[in-house]
Amino acid sequence: MTQNNTSSFGSRLPYFFQQGQSLVQGNTDTVQSVITELATEEGIISVREMIDEHIPFCKNDMERINLWRACIRPFFQILTEPRVARSAILEPQTGAIYAVVVGFNATRLEILFNFLLGLAAKWKAPFIQVGDGSKDQFLELCVAILFRTVDYNVQGVNGVIMRLVGKLRDVIDGLDRSFWSLQATKRLDYIQTRLGMVKSAAQGAVSNPHLPYHATFTQFIDLPGALSKRGPRHDNDFEDIGNIRILPTMSELMSDRQDYRPMRELSQLHLPGIQGLIDRHFRLLREDTVGQLKEGISQELRVLENPGDKPLSYEIQNYGRKYSYSIVDVVDTTCTRRRGLEFHLRLKQPPPASEMTPEGRGDWWNMSKRLEIGALVCFLERDTAVFCAVSESTVRPKIDPLRKPTSGIRNRPTVEKRDLHSNADFAYVSLSLAEPSDTDLRVMLRAIGSKKPTQRSLVEFPGVLVPSFKPTLSALKQISKTLDLPFTNLLAPAPGSPAQVAIPPPLYTAKPNFAFSLKCLTSDGSNPLFGPKNNLNARDLSRRSRLDEGQALALLNALKRSLALIQGPPGTGKSYTGEAIIKVLLANKSTTEIGPIICVCRTNHALDQLLENLWHGGVKQIIRIGSRSQSSILKNVNLRKVAQEVERTKSEKTALWKSATALEKAEKALKTFIEGIRTSLVSEGVKEHIKTTAILFHEAIFNTEPGQWTPSTTENDNAHLRRWVDAGMVSENTPRAVDFLVKQDPNTLSQQERSVLGKMWVSAIVSELEVEFISLHRDHWHAKKRHETVLSEVDLRVLRDADIIGATTTGLAKNLKVFRKLDSKVLLCEEAGEVLESHILTALLPSVEHAILIGDHLQLRPHIENYELSVENPHGEQYSLDVSLFERLVKPFQPTDLKLPFDMLGTQRRMHPSISNLIRSTIYHNLKDSEQVSDYPEVSGVKKRLYWFHHEHPESTFSPNSLLDTSRTNYFEVEMICAFVSHLVRQGVYGHDDIAVITPYLGQLHRLRHRLQESFEVVMEDEDLEDLQKEGFEEAPSVYKQDLGSCVRLATVDTFQGEEAKIVIISLVRSNPDWQCGFMKSTNRINVTLSRAKHGMYIFGDSNTYGAAPMWSHIISILKSTGNLGTSLPLQCPRHKDTLIEISGLEDFDRLSPEGGCDAQCLQTLECGHMCPSTCHAAQLHKVTKCHERCSLSNKPCGHDCSNRCGEPCEEDCSTILEGKRLPLPCGHFLTSPRCWQTLVPEQIKCTQRRKISLPGCNHSVEVPCHEDVSAGDIICRARCDHTLSCGHRCPGTCNTCIVREGGRVVEETHQACMSICGRSYGACGHVCTRPCHPNEECPPCDMDCDVQCEHMICRGKCSERCAPCKMDKCSSRCPHSRCTMPCAAPCNWIPCSRRCKKVLQPCGHQCPSLCGEVCPDEKYCQVCASENIKSTMVDMNNLREYRDVDLDSDPCIFPNCGHVMTVSSMDSHLGMSDYYDCLDDGTVIAIKGSYKPLSSVTIKACPKCRGSLRNISRYGRLVRQALLDESTRRFVRWSYAQSVMLERRLLDEQQRLEYPNNSEKLLEFFSKGGKHEVGGRQLEHIIAIENWINNGRYKKIIALFFDMFNRMDHIRDEERPYRRVFDCVEVRRIKGVTSQPDFNPSWVQTCGELSARVILFRCYLMVLSDFIKLRNDAPENGATIHFWLDQPLESCVMLIKLAQATGYVVQEAEGHLFFARLIALIQQLATSKERGDLEAVGLSNAIITKAKAHYSEAKNIVSEHRSAAYLGKELDGVGKMLNCGVFYGGMSAQERRIIYRETAKRFSGTDPWYTCAHGHPFTVADGTFPMPKCPECDAPVGKIDP
């Protein structure tokens, strides 16, 4: 279809459309490509040209018909191709095409259809040829296009379309009735309905309730929304349901007015016809689903306001049940592609589970079904409610079917897991917003960012799942907008319509000569036809097929009625009839073109049954939708599984990639925002807001002055603001107005006024962030929906190829958008009498032409939650929500309402006639019995097959405080039924599924289940299990089922509808003096209860209680008249049938029928010949009875008697014990008193004598039994493993866990991971790593407390954190004989005194035992007065002397703060005093040895006994302080270098962002404008000016980064200041002659920190300038002249160069020269061609250019001379070309710089040795990496510092 000339097609236009029409007949990929191209600009031109140029210039009829044939018809056929019209992925393209067809104000559409109407008027021979088709076909195609046009452009419709519809209808009405004319009429009806609805919505028209057509009393109705005389009830009360949120708003929760409940009387509705019907069902269904939640949430909100009124965590109220959890906090927020936005909450573990073990809690959570996936919950704060659903990411306990449930004491896990059960204190749950709104997003955003503890709770309503109601309500809202339901004249007939009508046949059967072939049903091979012209007798069809006459009649009527209703009483074959109808429809699918047949059911169980029957009947093209199928047969036809195996087309892959990319981008943006909220977004925003709106307050709060910068961290920003607020004076006056306060001096405001301003600023930022959050979430939501639409395209293709699509009504509503894309014309609904009308309405797709509803309105009605809306409630009858559409159509509310014809199946094949007579006498008077039901056998073990066992044992008393008593129970019936079931099972006749026990009450079901599970395998319906869990009956696991070969089915009456069993036992439960039988008085429920049994039915209940209900009274009278009701249950012995067995109580079973027979002796012989010892029992039990007599046989060949019982097999080996006999064994040992058989085979006896052996491989010694073979390899050695791991620690495993033996030989060793503490030394500090061993990882930073202290300060940080040297310039080391003249932090330069201190201790008065110049110790250390413990302390490690024996005059003692005592000689020796000082033989120090070498210390000297600090000992000041200063310097070097690396990375990120601009077109707008622009000042002013010129935010982040860089440079300078102070103090003293300490080289103090920061700042400036100039060069027009004043930037360059030269950093010096040259070269680029000769126009001069070239030469020399600067070579070449030749150079790319920095990122690692070069630059190099190391900064020679 490619057309190069996009301006006009001309004569090629017909070929373009015809080729497209041909291509859309191909595969799906080609179809999608054609539509995609047609929606491009080129394709749009073809449509415009056809309508705007070709149609108006057709001169005659022949030209018009030729244009139709050549262009318009192919174009229409392209758009109506089903794969185009029904495609989800092509919606944007087809929408664009239809928009072009419509044109402005529908002018193009009017031209097109006036042309078509003109053709229609001339549509006859000879003008029209045979190939053109009939007139009705032509009009149907035209109307199809108009139909789709309106569908895509409903918001832009006007009177033009209304006029076109009228004209088309006039033409079509004049045609004969045909398939095509009917299709066109149907679409015109839809268009008129749709346009009429839009017109009404635009005019705000609402119909007034009309007068009824029968007598009625009209009550006052408080209409919805603005129609109410009292006004709207709340902010979610609207007259249009399209505006109503499905879940209640906060205003709705707090409203005390009842919501509008539309009545069943159509005359009372505020909307007419089908609109009123949809409105009614939406409101009532919503009220039934979420209306019950309002009171519970309101109460919980009151609890939040008054915490003292806290209710139980689980409550039973009149509004329903709820669980309440206390929310601890919102621990995380995530956003994923599949699940979207999720909030992860930490809850307090509910009380029952908090005291259990983790396994017990897991069982509790699984059994209780709390917080299951999809559950509706409400997040509550004070005055706030947000509805959420439990997300799939919630980690629930895994179910292990082999593990029995546990309970027990509380056990706290060592590692916290974020799941429901692992933690005893907390449970973690993930939530997603159930119905996201702006308000909900704001609430959750505040919760995410909240740092204060807030009282919140989470309320759960058990059993209320969001997926169970939201899809249906959403679908009703959608249908209310389109009103495209079929059969609207039957569903909501106009007022005054007749009460009975003839239902027309399905539209697809209107084709000429159409007839259904029924060959697929016949058993004789005939092919009867049935259609409008082929009538067929039902009796004739019945004779030819397996259908009875009623089924045949129902089938024929269903085929000829577009809306067919079939009533099937119990056992009459409803499902069989439905399957037969489906088979006929599928057999005729090729002629009917009905598309896939949609089969819907209310429950998953019923749907699985229907689809399985179809599968077994030969229907294979089935697709099952939904994940809750329990069928193994349907597992491989699930839509998800089938769709995964389908290959996507090229167009689908492209669209999927685009949607996935857009979704990923939206997801990333939302994640980034959420992370920012938790870190710094609010605080940074507040700071920036204050700076923008109140600069004086910014300076006062953050301590800044104009031109200064402060570090920007969240903690600092928050602290600054809090400190400023707290600094205000407390005032009793009311704070003044905010507008006034912001104009005042910040320091004059009171504390209250400051707080008001702070809250205002925070609120302003939070509001801005909320708007951004909402926008990001909306973008993500739209991207996710688009992605899901693209994904669903494959689903559509799979569904189109299916014959049958099965879904529940909820599943269909959930996937409504996909279903509406299908061209399915047939809908079949099973059990329609149980389905709510609202669910049927959502299933009636616009394409449906044939709907078949099969059900029985006399059985169970649809289930609803709110009894106030039920037809069985006298008050609820006016709403009748639980009346199904099936029931309403066959049994209207009023005699004047429309009643549709229906067929009732009349022959039942389930119940024995005596059972079926109960419902025949009361409900189905014409019900017939099939012949075979009379031949059912008698019930074994019971005298009668139908019996009511009457008793008067009372039901349990209702107690609102007990969960198990919220439903009724009767313990007597439980015990009696369990005994009766056991009796029936003992008959040995009834197998799997033959016996069913049903009861109307969940409480009784719960009791029966736990009682029956003790003896039988109990099978229950999934729906009953869910109801039990919903009602709270499965709080904790108790009893587990045992399979004893028998299976009993257990169910409630409601869930057993549609099921059957041979024997049905009914527990009616109710027995009370008031004779109240509750909901069991309903005839529908009685009908179901009495119609489930085939062979026998037994009722246990109080006939007096149930006799008060009319239908029960009739049933009881029938049973009494036939003798089938009494107070004793008549059993029957299978052998002694005349024996009277009447059971009146539980004990009678054991007394009268203990074994399932009677109480007589069996008296029959067993197979062995002995008499049966049991009482009378069934034949099956007799066969398995074991004889207990002694066996009379003897063993061979020994002759001993057999020791077994007769009923047991004889033993193969004689077990007689030979007392006293000693049997020798092959090993040499003896066996005493062996058994008889052992004497025959002594070699097979295993000797148990124990012996000691040494195991091969490990050589451990073990004792083993004599018979064990050491070489077999199965001996377990439990000794500890001796292996040494690679880390140096011993393996923690045992020998048997680490060594694998085969044949006694070690074949494999697998040692366990080390469990020891690491223990590696950190080096200088002397601490060791306390983490678990980590051999392949570096140790983390030392987290011990820092040891650095002096008399002036104590460091409070961690050992690994940097700590500044002491600021004091006087050292405390002194004595009367000598003193230190160095600063406190520098190594001491004094000669330590070696004499004993002359001071005396107080109060003893004895001489001090320490050195002169040291602080005197406590009196307890007095050598004379000390305790015996201290005197006996070993203090001389050299001569091993105790404290009492030391001569303190010759060898005083040292007393560190740690408390240990050592002699001076011993301490000096340990610390290596002679390495630092020249000493005499007696230890007296006489001179300093050598000078201070920076970074020479390896470890910090400490107490040899405990590693305690010696910082307080003046004698060792030089040793200790030198090491402390070295270690502090190392830490600072690492920190400052890390800061530089971090800034470099951030700068590279911004550079990379600039390399890939996304909106370059906007950037070029500035350069096209004329004028001159100047800017001066520092680099930052230049960057800000550039951002303001472009004004699109391109450099906004870079400006923020520049601020941060400047702040961090100041921070580094502040951190360097203490080191400078130490150097300055030493330098001053040296100049004054106070000290002779050698010079400190300032380079090692400076560590290049400030210099690196300056380099990065200037590089940032050049990056922006270079990007700006590149954009200017790329602009097509450069009209603007730009002048930068460069004085201050160039001065910064010169300062950088001088600083680098002074410290010897040649690389930074070279960069400074390059910066100068590159800056000038960049400015040169700004000169336009006419300004090249006048450089002053851009701020340059020849002198400056000459300087730039000189700087370039300097940089070139440095790069050529120094290896460390070689990487600048490429940049040097680029700058040179730009400076000398004018070739633009943008600098190194971000990727190139990343490679360079990656190589130097580990320059200062934590374990490598330190070096210094000749210039004093410190750095580390890995051992062995440089044979001849050179300084990486200046290439100077280096040498490793000796420790």
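Asks: Explain the nonpolar core to me, using residue names and the numbers behind them.
Replies: Of all hydrophobic cores here, the largest spans 89 residues; its most connected members are Ile-297, Leu-376, Phe-387, Leu-812 and Phe-819. When residues no more than four places from it in sequence are discounted, the contact partners of Leu-812 are Ile-598, Val-600, Ala-807, Phe-819, Thr-842, Ala-843 and Leu-845. Core analysis: the second largest hydrophobic core is formed by 73 residues, Ile-1599, Ile-1669, Ile-1720 and Cys-1834 among them.

Asks: Run through the confidence of the model for the protein chain, naming residues and quoting values.
Replies: For the protein chain, the mean per-residue pLDDT works out to 81, and 86% of the residues sit at or above 70. Within the model, the stretch residues 401-415 combines pLDDT values under 50 with 32 contacts to residues more than four positions away or in other chains. A low-confidence stretch, residues 1034-1045 (pLDDT under 50), is modelled with 29 contacts involving residues beyond four sequence positions or located in other chains.

Asks: If you had to explain the packing of aromatic side chains to someone new, which residues and values would you point to?
Replies: This structure, assessed with the given rule, holds 28 aromatic pairs. With 4.8 Å between their ring centres and 80° between their planes, Trp-68 and Phe-138 make a pair best called edge-to-face. Of the two residues, Trp-68 sits in helix H4 (residues 61-80) while Phe-138 sits in helix H8 (residues 135-152), which places them 70 residues apart along the sequence. Exposure class is identical for Trp-68 and Phe-138. Each is buried.

Asks: Could you give an account of the environment of Val-818, naming the residues involved and the relevant values?
Replies: Of note, Val-818 is situated in helix H32 (residues 816-819). The sequence separation of Val-818 and Asp-795 amounts to 23 residues, and the corresponding C-alpha distance is 8.0 Å. Not counting chain neighbours up to four residues away, the residues in contact with Val-818 comprise Ser-792, Leu-796 and Leu-799.

Asks: How would you sum up the pattern of salt bridges? Please name residues and give values.
Replies: Using the criterion set out here, one finds 74 salt bridges in the structure. Its salt-bridge partner being Asp-438, residue Arg-778 comes within 3.5 Å of it at the nearest N-O pair. Note that Arg-778 is positioned in helix H30 (residues 751-800) and Asp-438 in helix H16 (residues 438-449), a separation of 340 residues in sequence. In this structure, Arg-561 engages Asp-903 in a salt bridge whose closest nitrogen and oxygen atoms are separated by 3.2 Å. One end of the pair, Arg-561, is in the loop between helix H20 (549-560) and strand S10 (563-567); the other, Asp-903, is in strand S16 (residues 903-904), with 342 residues separating them in the sequence. Because the salt bridges share partners, they merge into one network encompassing Asp-222, Arg-233, Asp-237 and Arg-257.

Asks: Quick one: what's the story with a nonpolar patch on the surface, residue by residue and with numbers?
Replies: Nonpolar side chains collect at one region of the surface, where Met-1434, Met-1437 and Leu-1440 lie side by side and expose about 280 Å² of accessible area between them. Relative to the helices and strands, Met-1437 is located in the loop between strand S38 (1434-1436) and strand S39 (1441-1442).

Asks: A description of the sheet that holds strand S13 (residues 804-808) should follow, citing residues and the corresponding values.
Replies: Taking strand neighbours across the sheet as the criterion, the seven strands line up as S12-S13-S11-S14-S15-S10-S16 in an open arrangement whose pairing is parallel. Of all strands in the sheet, those bounded by a partner on one side alone are strand S12 (622-624) and S16. Inspection of the sheet shows strand S11 (residues 597-601) paired to strand S14 (residues 826-829) by three bridges, in the parallel sense. Counted as the bridge partner of Cys-599 is Leu-828 from S14.

Asks: An account of the side chain of Arg-261 is requested, with residue identities and associated values reported.
Replies: Within the secondary structure layout, Arg-261 lies in the loop between helix H11 (250-254) and helix H12 (273-289). Exposure remark for Arg-261: the relative accessible area of 10% places this residue in the buried category. Reaching out from Arg-261, the side chain makes a polar contact with the side chain of Glu-287 at a distance of 3.1 Å. Not counting residues up to four positions away in its chain, the partners in contact with Arg-261 are Leu-284, Glu-287, Asn-866, Glu-868, Leu-869 and Tyr-879.

Asks: Outline H16, listing residues and values.
Replies: A rise of 1.5 Å per residue sets the reference length of H16, with its twelve residues, at 16 Å; its end C-alpha atoms lie 17 Å apart and thus fit the reference within 8%. Within H16, burial applies to Asp-440, Leu-441, Val-443, Met-444, Leu-445, Ala-447 and Ile-448.

Asks: Quick one: what's the story with the environment of Arg-1441, residue by residue and with numbers?
Replies: If you trace the backbone, Arg-1441 turns up in strand S39. According to the relative accessible area criterion, Arg-1441 is partly exposed, its value standing at 23%. On a C-alpha basis, the gap between Arg-1441 and Thr-1463 in space is 9.5 Å, while along the polypeptide they are 22 residues apart. The contact partners of Arg-1441, leaving out residues within four places of it in the chain, are Thr-1433, Met-1434, Val-1435, Asp-1436, Val-1446, Asp-1447 and Asp-1451.

Asks: Could you give me a rundown of helix H56 (residues 1742-1761), with the residues and numbers involved?
Replies: Along its 20 residues, H56 runs 29 Å from first to last C-alpha, staying within 8% of the 28 Å computed at 1.5 Å per residue. Of the residues making up H56, those classed as buried are Ile-1745, Ala-1748, His-1751, Tyr-1752, Ala-1755, Ile-1758 and Val-1759. Each buried residue of H56 lies within a common arc of 135° when the element is viewed along its axis, so the set occupies one face. Residues of H56 that are exposed and point over 90 degrees away from its buried face: Asn-1742, Ala-1743, Thr-1746, Lys-1747, Ser-1760 and Glu-1761. Each element contacted by the buried residues of H56 is listed here: helix H54 (1687-1703), helix H55 (1706-1725) and helix H57 (1769-1781).

Asks: So what's going on with the pairing of strand S34 (residues 1299-1302)? Residues and values would help.
Replies: The two faces of the sheet receive side chains in turn, since in a regular strand these alternate between them. Residues Ile-1299 and Arg-1301 line the buried face of S34, whereas the alternating positions Val-1300 and Glu-1302 sit on a face that is not buried. Of the pairings in the sheet, the one linking S34 to strand S35 (residues 1305-1309) comprises four bridges and is antiparallel in character. Bridge pairing in S35 links Ile-1299 to Glu-1309.

Asks: Explain the pairing of strand S7 (residues 456-465) residue by residue, including any values.
Replies: Of all ten residues making up S7, nine are buried, and the element is well covered by its neighbours. Summarising the sheet, strand S4 (residues 375-381) and S7 pair through five bridges and their orientation is antiparallel. Among the inter-strand pairings, Phe-379 is bridged to a residue of S7, identified as Leu-458.

Asks: Now, about unusual backbone geometry: what can you tell me, with residues and values included?
Replies: With an omega dihedral of 5°, the bond running from Gln-1402 to Pro-1403 counts as a cis peptide bond. Here Pro-1403 lies in the loop between strand S37 (1378-1379) and helix H46 (1428-1431). Notably, Ala-106 is not glycine yet its phi reads approximately 60°, a positive angle. Structurally, Ala-106 is set in the loop between helix H6 (91-102) and helix H7 (107-121). Residue class for Ala-106 comes out buried when judged on its relative accessible area of 2%. For Asp-383, which is not glycine, the phi dihedral falls at a positive 60°. Mapped onto the elements of the fold, Asp-383 is located in the loop between S4 and strand S5 (384-390).

Calculation notes
Residues numbered from 1 in each chain as written. Predicted model: local features only at pLDDT ≥ 70, side-chain atom pairs only at ≥ 80, totals over all residues. Heavy atoms only, no water. Core = buried A, V, L, I, M, F, W, Y, C linked by side-chain atoms within 4.5 Å. Buried < 20%, exposed > 50% of the residue type's maximum accessible area, 1.4 Å probe, protein only. Contact = heavy atoms within 4.5 Å. pLDDT = per-residue confidence, 0-100. Phe/Tyr/Trp six-rings, centres within 6.5 Å; stacked < 30°, edge-to-face > 60°. Helix = DSSP H or I, 4+ residues; strand = E, 2+ residues; numbered from the N terminus. Salt bridge = Lys/Arg side-chain N within 4 Å of Asp/Glu carboxyl O. Patch = residues over 30% accessible without salt bridge, like charges linked within 9 Å, V, L, I, M, F, W, Y side chains within 5 Å. Areas by Shrake-Rupley, 256 points an atom, 1.4 Å probe, with all protein chains shown as cover. Pairing = 2+ DSSP bridges. Polar contact = N/O pair within 3.5 Å; in protein donor to acceptor, adjacent residues only side chain to side chain. Expected span 1.5 Å × (residues − 1). Arc of directions from axis to C-beta.

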